[in-house]
Amino acid sequence: MFGAGGGTNSYQEVEDADVVFLWGSNARAAHPIWFHHLLKGVRQHGTRLYVMDPRRTESAQWADVWCGLRVGSDIALANAMAREIIHAGLHHQAFIANACEGFDAFAASVEPYTLEWAEPITGIPADVIREAAHAFATAPRAMICWTLGITEHHNAVDNVLALINLCLLTGQIGRWGAGCNPLRGQNNVQGGGDMGAIPNKLPGFQDIEQDADARARFEAAWGVPIRPTYGKNLTQMFQAMGTGEIKALFCIGENPAQSDADAHHIEQMIRGLDHVVVQEIFLTKTAQMAHVVLPAAASWCESDGTVTNSERRVQRCRKAVEPPEGARDELWILSEIAKRMGLDLGHPTPEALWNEFRALAPQFAGGLSYERLEALDGIQWPCPDESHPGSTYLHGRLWEQPRQGRAAPFSIVMHEVPFEQRDANYPLLLTTGRRLDSYNTGVQTSGYASPLRTGETVDISPEDAARFGIVDGEVVRISSRRGSVLAPARIDPSLREKLVFMTLHFPDDVATNVLTIDKADPKSGTAEFKACAVRIEKVPARVPAGVR
Amino acid sequence: MDIKLSQAAAAPDERAAVDALLGPPDSPWVGGARGAARDAHTAVGGRVMRERRHLLVPALQTLQARIGWISEGGLIYVCERLQVPPAEAWGVATFYALLATSPRPRRVVHVCDDVGCRSRGAKAVLAALEATGAAIAHEPAADHMHLDAERPGWMHSPCLGLCDQAPAALVTDAGSPCDERLLGHVTPERARALLDGAAPGADATSVTVLPQQGDASLVLLARAGVVDPTSLESYRAHGGYVELPKAIDRGAEAVIREVTASKLVGRGGAAFPTGRKWDAVRTQTATPHYLICNADESEPGTFKDRVLLTADPFAIVESMTIAAFATGCEKGFIYLRAEYPLAAQRMRHAIDQARAAQLLGDDILGRGVRFDIEIRRGAGAYICGEETALFESIEGKRGEPRSKPPFPVHSGLFGKPTVVNNVETLANVLPILRMGGEAYAKTGTSQSTGTRLFCLSGAVARPGVYELPFGASLRALLEQAGASPRLRAVLLGGAAGVFLRADEIDLPLSLEGARSADATLGSGVVMAFDDDEDLVDIVLRLAAFFRDESCGQCVPCRVGTVRQEEALHRLARGRTLAGAPGEIALLEEIGVAMRDASICGLGQTAYAAVESAVKRLGLFTGAGA
Amino acid sequence: MTATLVHLGRPDRTIKARITCTIDGHAVTVDEGTTILAACRTLGIEIPTLCFLETLRPVNVCRLCVVEVEGARVLAPSCSRATEAGMVVHTKSERVRHARRLVLEFLASSVDLSTTPGMADLLAEYACTPARFGPPAPQALAGERDAAVAGHHAATEIGFAATVAQPVKTDNDLYVRDYAKCVLCYKCVEACGVDHQNTFAIAVAGRGFNARISTELAVPLTDSACVYCGNCIAVCPTGALMPRAEFDMRAAGTWDETVQTTTDTICPYCGVGCTLSLHVQGNTIVKATSPLENGITLGNLCIKGRFGWQFVQGPRPVDAAPPAGD
């Protein structure tokens, strides 16, 4: 945010925070070791924890206050809190004056978001919203941490901006223990962004369209012109496949055939391509559709390199075992492809490539030598030179007098309901998430025998189970406008009426993404996995789960 | 927190019992019904719930009292209500001897087989019960699923604190309400009748008759057996509630000055100056402060606090109120051992009466002083008399002692500054304020001021609680109590005390007198044994007591008490591993390690009586006696 | 440096006073609040420990680390007792050696210490002869110790030394619990509980010699709250808790730490970035741990990190038939 795409604080800072909003995140299950840091705060420092989640998850059960908002009402809740804070005079006027722009317009924009308006929209009682808002604003240190509950919506970026507004409004940013932090869902989501594997940035979050100096640096180093235009995000790519603009796909370590929303549609798109190359460690469903599969080494234990975690810490990955015969290091594969396309890059070592990156993004990574990464057990960017210890929290500049750099803008964002609403045909809302022992489409986690694993279920509230006459364990049909699957029902008291929950962990058994909607956020390309309308029906005969 | 509960459901009466204690559940997230719109969107948890953990032991006790044991369904319901992880609750439930985690009959007759009772009729009672074939309540029978809850059972018990009426038994009849009675002079016939369902009759402690009844020199016991312990008016008529208003007039510092001047030291065993303790708590900046009256009198042979609590309960309430005022406590607890049901009843009544008369509560005597008292009952664990184990127990945990430092005056109950005083110590507060500290300090000896209560039992004609000024001779006390002319040994100070030979009883009963005789007054136990006594059997029982009552936390005590008992058994049976001298040397090695390296006083003193039995009485060596 | 509106950095920690004490005749100056054990380590004085771990709050129950503090009635646990100005400490006195020797003998005579690292050396150093308490009593039946009732006395078997011997609990595919090897150091309970994981699947149940680590009602782990993070395994000092894979390899005689390598890398799952130490034997990962000193994990992992590495050793595309392209 405000330039660099990364969480503003370190894990250990959450141990010193006085209030934490854990928003749209079941970190207890999805980020268990980060949750240890949070619990240290809760149990030792006395951190007051608010969990905003439609489900009363494991994480929510730790909360001092659970705010069980309606799916997709995040902006309504955030803006109502903002209005309450402003009306109570609890906004940080000195900080706003020093660091922000657009406050007046923002204040005007949230004016309609009264507590009384927000209560029926979010479901959360007005007194609870008020108390949470006051606690956040008056805490010496407060943090907002979120996960996919915020970002897997058609208005994901607006959701994030609404949370950032709260931090700006209260000065809960740019200090130890105060800030806003996305918890990354995957081992190197952050590192992918750092290294420019996003459509709008060069390595080191240097903007392709706007940063001419950066472009020049890369052009000089690489000897090729850099086109000053943004590339396509995932959703746009599949749209382009639909229009025929994209004809070939090189897919590295991703399983879109099962991980992306509206799986039937995705499969159709992939099958319509002229040429599909998948570089993988397994024969995933996507790999099975490929024309060429390139067996790769597992990057985390069969090759060397770096990853970046959710606190912006660049960490060394090391080779511990030899890959199986025939599988090749990803770097080797890419270099060979380049060579066969006529560009001989040789076979650079991971460290040599890393040093090239450091040279091209010096403000960001200049001080991150392999030697220092080893010695310091990873370093948090930005780290411009080798005497710099790394950055625990970001944006301290906003507090400096006079402020350094550009002002932090308030963003005007408005509540929108999820794209798909419940109706008479689809009277339930399906939301998705993770379980503790499994991961994404189960490609990796299916490799070990978890005693916790019960296979895919559709979790339903006791009320809905009673309404539809469903008993625990009974196989039911779940249908959306896009498809239908069978799965055993699990009665889950953490769900309220009309809300059902599934995961994506067992796509071979239950292809949950047949149900989900590919209505994506135009700004981020993330699909609205967290909300689609479904119905649940009893299945007449005994049919094994998963059969369509 | 994210606890996982099994599907086991509480029976309606279990649920009702828990709800009667905690109130009905206020949301579906703690066991209530679903349906309210608010509950679907918000829930309070976190610290508010964690701060209810201290209700765990009372909640488990209420289940025990209602049906006689803690079923899985009952345990799970308590866990749901209090949001306590079931494994933790299980750890707590299995720690306390009077909480059963396997089915027990509604009526259980707990027969004392401890040192004070075993040779005074208890063995005959136990033999009679064994012959009936009735369920031994603590042994989960192979077919316990078919246990007939209505058929009474029985079990062994450590000292019930009724050594003056040996042999003793405690009868518990689970139900609503649960009926508990302490019975004395139990005969085999009476015990058999109890197993057949006979009414237990009046509690043996309901009427107090002192050996020294009417003696004008009594100070702490002056009102005992005279005042009506259930009447505030009677207490006032006998000089009660004169000191509290005067103490408030004088102010906290002046009260502490008097207590300091009196040189009063704690009567629980450690003999720490009470005035210093009070002052240390008063001056702590951390708040709140807590006051605890330690009434977990469980040292075998000890029953003096029982007499004070049952015979003069208002005096304890008044003393606690003054102590709380002096030390800045607004909340007090009486931690009262489970085996004293009548004492609990009388204290509860006294507290209620005092509160009704504005002698407790938010505005005591209209003077703006705030203090109230809650009774917490033990659940069958000697170790909980250790002050830090007592804190753990009140906090809803296993009674495992803490490492000191930090000391309770800095970090005690709930981590806050805490005054812990024994019942007898508190009973001295009123006389000190009445007489003035300096005058009080002139009684007793120069180093041991005031009077002391002694619990006479065993081979004496007139057992009971005696009050003597410090410095009186042990021989005189024994004579006063009518000790057997064939006296062989005296256990002085309790299980954690030492045996004295019959020729060693001329010591003065003062702290310094005991110290110079390498003995301790401990909790005031004076248990006499004559030639009829099988002292080896007594020593084995003491060793078993420490083994049974060790909390198990630290290695020296957990294993040392076992190794000590094993060595004693080998010696007693003449089946030594390396000859008697080798076993005795081994006992010494074990004992020294327990004394030096154990966390708390239990392990540190577990060898004391054994050592004295070997070295002074010549047990196993033939030397000594 | 520019001025800021408010203090931005870490909350100020009070600067601790420095105090000087004497240990084994050496003066040492440390921060106030430093434990005797930590002070000893700065002097290079070795103190044996079992229940102590840097990442856990000291429970001071094993009493192996006791030292003599002049003026104190009893020995002090060095792992938790703070140094004080002027304190005089002896770590090698006869009293200390005696207590340590007996503690070791108590444990060695009641617990299987065969997989406790360094134990054989310690027993030799303190000249322990645990057999002097008699031959070990027969092993308990499965579940017998779990059913022991607090405060009730089981008849002593004359001539035998009581032990905690009992069958191994193997109720799941990921790790075993061999409580015959349990010294009741409480570390697993602390790690499962407030110190790290806060799952509370296990607690100490019962009391005295019958105290034991237990789930509620001693149910199998699969019915308990256990989330298989294995953070209890990570802190177990005796091998009572062991990954199933290691347990099976040891049983088969194929576990060989002398040929294993350990390589630190980053867990492939969520974005927290936990350091995984991969223990490799014969190009096969046999165990995953995390370094205690790692600031992110403090040695902890979740089920995926500790047990979820097996996939790299499963069938891979190179083993499979080529895809059916057109």
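Note that the structure is a prediction, hence the values are computed from the model and not measured.

## Remarks on the overall build of chain A
Of the regular secondary structure elements, chain A holds 20 helices and 22 strands. For chain A, the C-alpha radius of gyration of 24 Å lies close to 24 Å, the compact-globule estimate for 548 residues. With the principal axes as the frame, chain A shows a C-alpha extent of 70 × 65 × 45 Å. Taking all 548 residues of chain A together, the buried fraction comes to 61%. In chain A, the share of contacts with a sequence separation of at least 24, taken over all contacts with a separation of at least 6, comes to 70%. Carbon together with sulfur atoms contributes 53% to the accessible area of chain A, which is approximately 20100 Å² in total.

## A short note on the packing of aromatic side chains
Residue and element names in this part refer to chain A. If you walk through the whole model with that rule in mind, you get 28 aromatic pairs over all chains. Connected via pairs of aromatic rings, a cluster forms that spans Phe205, Trp354, Phe357, Phe364 and Trp381. Over the ring of Trp381 we find Arg312; its NZ or CZ atom is 5.7 Å from the centre of that ring. The positively charged end of Arg328 is found above the aromatic ring belonging to Trp332, 4.3 Å away from the centroid.

## Brief notes about the domain arrangement of chain A
Residues and elements named next belong to chain A. For chain A, the assigned domains read domain 1 (11–182), domain 2 (238–380) and domain 3 (428–538). Here the C-alpha centre of domain 3 lies 27 Å away from the C-alpha centre of domain 1. The partner domain 3 presents 22 residues to the 22 residues of domain 1 that form the contact. In total, domain 1 and domain 3 occlude about 1700 Å² of area from one another, counting both sides; carbon and sulfur atoms represent 55% of this. Interface area lost by domain 1 to domain 3 is led by Arg55, Glu152 and His154, which between them contribute 38%. Lys523 is the salt-bridge partner of Asp158, the closest N and O atoms lying 2.8 Å from each other. At the boundary of domain 1 with domain 3, the tally comes to ten residue pairs in polar contact (both at pLDDT 80 or more).

## Some words on the interface of chain C and chain A
Interfaces are frequently sized by the accessible area removed from exposure as the parts join. Contacts between the two partners involve 71 residues from chain C, matched on the other side by 81 residues from chain A. For the pairing of chain C and chain A, the buried interface totals around 5800 Å² over both sides, and the portion due to carbon and sulfur atoms is 62%. When the area that chain C buries against chain A is broken down by residue, the three leading residues are Leu5, Leu8 and Arg316 of chain C, summing to 12%. Along the contact surface separating chain C from chain A lie two salt bridges. In this structure, Glu302 of chain A engages Arg316 of chain C in a salt bridge whose closest nitrogen and oxygen atoms are separated by 2.8 Å. Remark: the boundary between chain C and chain A carries 28 residue pairs in polar contact (both at pLDDT 80 or more). For the side of chain C that touches chain A, the secondary structure elements donating two or more residues are strand S1 (3–4), strand S11 (261–266), strand S12 (275–281), strand S13 (284–289) and helix H7 (303–307) of chain C. Here the side of chain C that touches chain A is composed, by residue class, of 37 nonpolar, 25 polar and nine charged. In this sheet, S1 of chain C lies alongside strand S15 (residues 400–401) of chain A in antiparallel orientation, the contact comprising two bridges. Along S1 of chain C, the bridge assignment pairs Gln401 of chain A with Ala3 of chain C.

## Quick look at the domain arrangement of chain C
Residue and element names in this part refer to chain C. What the domain assignment reports for chain C is domain 1 (18–92) and domain 2 (134–148 + 159–251). Just the C-alpha atoms count here: the centres of domain 1 and domain 2 sit 29 Å apart. Contacts between the two partners involve nine residues from domain 1 and, on the opposite side, twelve residues from domain 2. Taken as a group, Leu50, Leu56 and Arg57 account for 55% of the area that domain 1 buries against domain 2, more than any other trio of residues on that side. Our enumeration of links across domain 1 and domain 2 arrives at one salt bridge. Salt-bridge contacts for Arg57 lead to Asp195; the nearest nitrogen and oxygen are separated by 3.0 Å.

## Re the state of the cysteines
Counted according to the given criterion, the structure contains zero disulfides over all chains. No disulfide involves Cys67 of chain A; its nearest neighbouring cysteine sulfur is the one of Cys145 of chain A, lying 15 Å away.

## Topic: the pattern of salt bridges
Evaluation of the coordinates by the stated rule reveals 97 salt bridges over all chains. Ionic pairing is found between Lys304 of chain B and Asp305 of chain B, a salt bridge with its closest N-O pair at 3.1 Å. Grouping residues by exposure puts Lys304 of chain B and Asp305 of chain B together as buried. A network of salt bridges, in which partner residues are shared, links Arg435, Glu456, Asp459, Arg490 and Asp492 of chain A.

## Quick look at the sheet that holds strand S10 (residues 418–422) of chain B
All names here are of chain B. Reading across from one edge, S8-S9-S7-S6-S10 is the order of the five strands in this open sheet, with mixed pairing throughout. The sheet is open, and its two borders are formed by strand S8 (361–364) and S10, each paired with just one other strand. Going from strand to strand, the sheet's axes swing by 25° on average, the running direction of each strand aside. Where strand S6 (residues 289–295) and strand S7 (residues 329–336) come together, seven bridges link them in parallel fashion.

## Observations regarding the confidence of the model for chain C
For chain C, the average pLDDT comes to 94, and 96% of its residues sit at 70 or higher. Of the two predicted TM-score estimates for the complex, the pTM is 0.96 and the ipTM is 0.96.

## Things to note about the interface of chain A and chain B
The interface is formed by 28 residues belonging to chain A together with 16 residues belonging to chain B. Carbon and sulfur atoms supply 44% of the area buried between chain A and chain B, which totals about 1900 Å² over both sides. Across the contact surface, chain A and chain B share three salt bridges. Arg34 of chain B serves as the salt-bridge partner of Glu463 of chain A, at 2.7 Å between the closest nitrogen and oxygen. Our enumeration of links across chain A and chain B arrives at 16 residue pairs in polar contact (both at pLDDT 80 or more). Of all the secondary structure elements, the ones that give two or more residues to the side of chain A that touches chain B are helix H2 (32–45), strand S3 (65–67), helix H7 (126–138) and helix H20 (462–468) of chain A. Among the elements that line the side of chain A that touches chain B, the one with the most residues is S3 of chain A, at three residues. Tallied by class, residues from the side of chain A that touches chain B come to twelve nonpolar, seven polar and nine charged.

Calculation criteria
- Residues numbered from 1 in each chain as written.
- Chains lettered and ligands numbered in written order.
- Predicted model: local features only at pLDDT ≥ 70, side-chain atom pairs only at ≥ 80, totals over all residues.
- Heavy atoms only, no water.
- Helix = DSSP H or I, 4+ residues; strand = E, 2+ residues; numbered from the N terminus.
- Rg over C-alpha atoms; globule rule 2.2 N^0.38 Å.
- Buried < 20%, exposed > 50% of the residue type's maximum accessible area, 1.4 Å probe, protein only.
- Contact = heavy atoms within 4.5 Å.
- Areas by Shrake-Rupley, 256 points an atom, 1.4 Å probe, with all protein chains shown as cover.
- Phe/Tyr/Trp six-rings, centres within 6.5 Å; stacked < 30°, edge-to-face > 60°.
- Lys NZ or Arg CZ within 6 Å of the ring centre and 35° of its normal.
- Domains from an automatic or database assignment.
- Buried area = accessible area lost by both parts, 1.4 Å probe.
- Salt bridge = Lys/Arg side-chain N within 4 Å of Asp/Glu carboxyl O.
- Polar contact = N/O pair within 3.5 Å; in protein donor to acceptor, adjacent residues only side chain to side chain.
- Nonpolar A, V, L, I, M, F, W, Y, C, P; charged D, E, K, R; others polar.
- Pairing = 2+ DSSP bridges.
- Disulfide = S-S within 2.5 Å.
- Axes fitted to C-alpha atoms, helices over the stretch in contact; angles between N-to-C directions.
- pLDDT = per-residue confidence, 0-100.

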